Amino acid sequence: MLTVVVAGLRARWASFLGGFLALALGTGLLVVMGLGLAATAHAPERAPQRFASSPVVVQGQDRLSAEVRRGPGSAVVALPLDRPQPVDTELLRELRARWTVTVSGGPDAVGVDAPAAEVLALADGRARVLTGAERRLADPDAGRDAQALVTLNALLGTAGGVTAFVSVFVVASTFAFAVALRGREYGLLRTAGATTGQVRRTLLAEAACVGALASATGCLLGSAGAPWLARVLVDGGVAPDWFTIGGGGVTWPFPAAFGTGVTVALAGAFAASRRAGRIGPAAALREADVDAGVLPLGRALLGAGLLLGGLGLLAWTCATDPSTLLKRKTYVTQPMLLITGTALLAPLLVRPAARALRLPGAVGTLVRENGAAAVRRTAAVAAPVLVTVALTGTLLGSTATVTGAKAAEARAQTGAAYVTTGTGLPRDGAAAARDGAGAVRAGAAATTAGSGAARDGAAATTARSGAAPAGSAATTPGSGAVRPPSPTGPTSVFVREGAEALVKYGARAVADPAAWASYARLPVVAGDPRELDDRSIVVSEEFERHTVGERVEVWTADGRGPVRLRVAAVLARGTGDNGPYVTWANAPGATVDRIDADRPVPVPGGTVRTADAWAAAAFPAGAASTPQTRLGLLLVLGIAVLYTVIALANTLLMATSARGPELASLRLAGATRAQVLRVVAGETLLAVGIGAVLGLVVAGVCLAGLGAGLAVLSAPVAVTVPWAWAGAVAGACAVVATGAAALPAWRLSR
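Just so it is clear, the model here is predicted, and its values are computed rather than measured. Residue indices begin from 1 for each chain and proceed along its sequence in written order. Local features in this predicted model are restricted to residues whose pLDDT is 70 or higher, and side-chain atom pairs enter the listing and the counts only when it is 80 or higher, whereas totals over whole chains, interfaces and linings include all residues. Each side-chain value is derived from all of the structure's non-hydrogen atoms; neither hydrogens nor water enter the calculation.

## Observations regarding the environment of L686
Secondary structure is summarised from DSSP: a helix means a run of H or I of at least four residues, a strand means a run of E of at least two, and numbering begins at the N terminus for each. Position of L686 among the secondary structure elements: in helix α20 (residues 673-712). On a C-alpha basis, the gap between L686 and V381 in space is 9.5 Å, while along the polypeptide they are 305 residues apart. Note on definitions: a residue-residue contact is assigned when non-hydrogen atoms from the two residues lie within 4.5 Å. Those residues within four positions of L686 in sequence are excluded, and the remaining contacts are A354, L357, V367 and G371.

The following block contains the structure:
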């Protein structure tokens, strides 16, 4: 049998070229992704900066710890605070009494020139003691490296998942089509006495040989490509400057990728080998000319199961946890069930789709009839196009839809005409700059229509009684009154949810509740945001306790608490930015980063925009709104497009090369060479078009599910379909496929 396998590989190398390239590329990408994931496992050991000269650092508590239930027992979980607590005053006094203490940059940490063991014994339970490389944890933005690695890890993991999915898909499709083309060969083997098992083992042995050679090649490619990918990620701003891939003695990605490549080859060939083993001598000769039985019962059941499972999962997620649909990992991975199910059922859809096409002339008739008769060839060309168009439409469309919903939601939730953004903006809400002189005046800014002079306090309102209710107009028509600006800033609150979890929520700190309520246009489900004060909180439906009047225990951003706050109002969940809201008294250390106002509030370090311009800048339109996002999308979609090109070229080169007698018959029947080429090109474009339409249908279903999820979350729904991107991808597929089909057809039709 080994002799037959080697002879088959040597004689039919072109049939295996596409599978070889797909596997080599997939293995190489898996090596690169594995090395990249290994590189993101740990941030580099940076040298301490803030307390480089101090052997010991005493830092205030920087984590909130709580005991939660884990199964039959309990465990302690710790979440990072927004900023460390100040070092205890009494402890600081004791440290200064015994050793030299260095204060640098704030009260959250001090350097101590003393033996670490003695400092640890003194500070036990009252502060955190850092020594050696751990001293860098007291530096500003100590967690920036870890956060960058988390983002990079998610990107590489997603790209690796897409690589594995598409490679399995392409290899399985390649082997299945190769078996269809080699039907007469298998029939002759059966006639010569080969058993069903021998035919299957021959095909699996061929797959194992191709898989081993391709995987070894891929490992070499991955080793060479890893440093290049690291440079691309760093230059694109996705990875930190120090990030590198490779080195460090990491070797596990190589055997893992090699084993995955061989397994993918065998898995892709397994289904085809079962079909090849069932081919009988007479049936093989008949099926070599006419496609019959193109959708076996097992494939039909599997395709229907995956399709129904994907639809069911989408509906279940939309009904139970719609916020999951807004996450990138979800709308990258969830469509794979629908894509696979649709691709498996594609032969069932090809024939009616081709029959429905009405093209004029003899060439049009041949294109329609050949496309309907050669179901396997048409489906094999349509399948990779389906994958690429569906991923493009789903990924880019979902990203643009979520971004658009966030922008519309943010704009709808403020009644301000202008928004000033920046860091460290004035907290009192009264600072304003005159446009001509640049002087800052106290009180809310008001402009006299003719002179442009600013008057102090012209727009002041009483704290509670004069505040406009949430949802009221921005100004009173005809009165010329202007409301005071509303400064807010980011903060956090920690909440226990049952006995099993401690959850950290990003919140907004309100400096002036009355002014804030006058601008707020929040999706209120219950309660009244105007009742927010130092003893209350505005929450969203995401909170476990979200009944108006109920008391919620929260810890503030610096770990103080628990503080019992009354629920003043409940908001719809939205896209995830709907609260909670607390007053400044419950947001220690918060700084203002946004001021809503009726008039421009130019302050030092701030950027003034209209509310519409602010929302557009905060959530840029389009799927690739930032260079980092663009590079991530190109990485994922580039993998899919590259695999599609390989699959299309390989399939059409094999299929068209095997059509020599058919094309010769057309020439003998009177067809010119140009007509033959138009027939081949038309059949190819028909298959690409079917794949593109099916891909758009899958993308449309996924985007419709996302729109339904946004509606359940009470968020703005404006589904964006990336027609231009989908058209560009389909056009590229059409160009590659037409070229791959026309080249052998031109040679055979001479």
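## Remarks on the pairing of strand β5 (residues 109-113)
The buried fraction of β5 amounts to four of the five residues, a majority that puts the element mostly inside the structure. Summarising the sheet, strand β1 (residues 56-59) and β5 pair through four bridges and their orientation is antiparallel. When the bridges of β5 are listed, Q59 appears paired with A109. By definition, two strands form a pair when at least two bridges between them are found by DSSP. Across four bridges, strand β4 (residues 100-103) lies against β5 in antiparallel orientation. Looking across to β5, one finds that T102 is bridged to G111. The classification of residues rests on relative accessible area computed with a 1.4 Å probe and restricted to protein chains. Under 20% of the type maximum is buried, over 50% is exposed, and intermediate values are partly exposed.

## Looking at the nonpolar core
Membership of the largest hydrophobic core comes to 86 residues, with the highest contact counts inside it found for L152, V166, L233, F243, L391 and Y643. Residue contributions to this core peak at twelve residues, all from helix α5 (residues 144-181). Apart from residues lying up to four places away in sequence, F243 is in contact with G36, A39, T40, L149, L152, A230, L233 and V234. By nonpolar core is meant a set of buried Ala, Val, Leu, Ile, Met, Phe, Trp, Tyr and Cys residues that side-chain atoms within 4.5 Å join together. If you look at the next biggest cluster of nonpolar residues, it comprises 26 residues, including A507, Y519, V567 and V570.

## Focus: the confidence of the model for the protein
Summing up the model confidence of the protein, the mean pLDDT is 80 and the portion of residues at 70 or higher is 85%. For the protein, the element scoring lowest by mean pLDDT is strand β9 (residues 440-441), at 36; strand β16 (residues 581-583) scores highest, at 94. For every residue, the predictor assigns a confidence score, pLDDT, that lies between 0 and 100.

## Focus on the packing of aromatic side chains
By convention, a stacked pair of Phe, Tyr or Trp rings (six-membered ring in the case of Trp) has centres within 6.5 Å and planes under 30 degrees apart, an edge-to-face pair has planes over 60 apart, and any other such pair is tilted. Within the structure shown, the criterion is met by two aromatic pairs. For the ring pair Y505 and F543, a centre distance of 4.4 Å and an interplane angle of 20 degrees mean the geometry is stacked. Taken together, the positions of Y505 in strand β11 (residues 501-510) and F543 in the loop between β13 (536-540) and β14 (551-555) put the pair 38 residues apart, joining distant regions of the chain. By the burial criterion, Y505 is buried, and F543 matches it. When the ring of W516 is compared with that of Y581, the centres are 5.0 Å apart and the planes differ by 40 degrees; the resulting orientation is tilted. Of this pair, W516 sits in helix α16 (residues 513-519) while Y581 sits in strand β16, and the two are 65 residues apart along the sequence. Take W516 and Y581: they sit in the same class, and that class is buried.

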